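In case you want the letters, here they are:
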Amino acid sequence: MTEPSRTVEVERKYDVDPETPLPRWEALPGVDTVSPGVLRTLDAQYFDTADGTLSRAGVALRRRTGGPDEGWHVKGPRQGDGRLELGWPLGEGDALPSAVATTVSEWTSAPLTPLARIENDRTAYLLTGPDGVVAEFVDDRVRASDLRQNVKREWREWEMELGPAAPADEAGRTAFFAAVEQAVLAAGGREAASDSKLARALGF
């Protein structure tokens, strides 16, 4: 079986109005430089069983094009402050690759059908310090379709995800995200009402 890429996501999400200005990150601990924004056009289709087995288990299965990590992704249930994401290349055609199906079989072997489509115009910024990338900040403008209920939704949100040079200790991460939240609130953002794009696309 093809070995997937493995990433543990530690991130925070915030809701924001369409015209809210970007936060200022100068006061974030360990951050010296913020890169220019890079636009990524992302298009993801999510899949689940007819009765939502994956969603109930806290698992998300998607096929996404665009961006540096395009491909098939399985996001596992949240564990502590993070969430393990496995990734595989797109492969040929739209069919579920066997390696991905084998991974998903831990939760279900039932047929999988499209659940939602999420299109996202993302602008990504790298926040770096002396040892490398501390975090990635993304400004997302999202268009989502609940394919089973035929409902469309649009919103804007921000995400801050820790990078390889982020604080390794819990106290350091807590201080970093506290400074992030202070900057977000000062800019006019607010705590996210939903913990994932998929949940929000489905009205949760």
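What you see is a predicted model, and the numbers here were worked out from it, not measured in a lab.

Draft legend 1. Focus on helix H3 (residues 170-187). The terminal C-alpha atoms of H3, which comprises 18 residues, lie 26 Å apart, in line with the 26 Å expected from a rise of 1.5 Å per residue. All of the buried residues in H3 are Gly-172, Phe-176, Phe-177, Ala-179, Val-180, Ala-183, Val-184 and Ala-187. For H3, the buried positions fall inside an angular range of 155 degrees around the axis, keeping them on one side. For H3, exposure combined with an orientation more than 90 degrees from the buried face picks out Glu-170, Ala-171, Gln-182 and Ala-186. Here the buried face of H3 lies against strand E2 (11-16), strand E9 (132-146), strand E10 (151-162) and strand E11 (190-191). Just downstream of H3 lies Gly-188, where phi reads positive at about 115 degrees.

Draft legend 2. Seen up close, the nonpolar core. Trp-25, Leu-28, Leu-127, Met-160, Phe-176 and Val-180 are the most contacted members of the largest nonpolar core, which has 22 residues in total. Of all the elements in the fold, those that place two or more residues in this core are E2, strand E8 (113-129), E9, E10 and H3. Here this core takes seven residues from H3, the largest share from any one element. For Leu-28, the residues in contact, after removing those within four places along its chain, are Leu-127, Met-160, Phe-176, Ala-179 and Val-180. Grouped together as the second largest cluster of nonpolar side chains are 12 residues, Ala-44, Tyr-46, Leu-198 and Leu-202 included.

Draft legend 3. Inspection of unusual backbone geometry at higher detail. One non-glycine residue with positive phi stands out, namely Asn-150, at about 60 degrees. Tracing the backbone through its elements, the reader meets Asn-150 in the loop between E9 and E10. Asn-150 gets classed as exposed once you look at its relative accessible area, which sits at 69%.

The rules we used
Residues numbered from 1 in each chain as written. Predicted model: local features only at pLDDT ≥ 70, side-chain atom pairs only at ≥ 80, totals over all residues. Heavy atoms only, no water. Helix = DSSP H or I, 4+ residues; strand = E, 2+ residues; numbered from the N terminus. Expected span 1.5 Å × (residues − 1). Buried < 20%, exposed > 50% of the residue type's maximum accessible area, 1.4 Å probe, protein only. Arc of directions from axis to C-beta. Contact = heavy atoms within 4.5 Å. Core = buried A, V, L, I, M, F, W, Y, C linked by side-chain atoms within 4.5 Å.

Without other data, these values stay purely geometric and don't point to any function.
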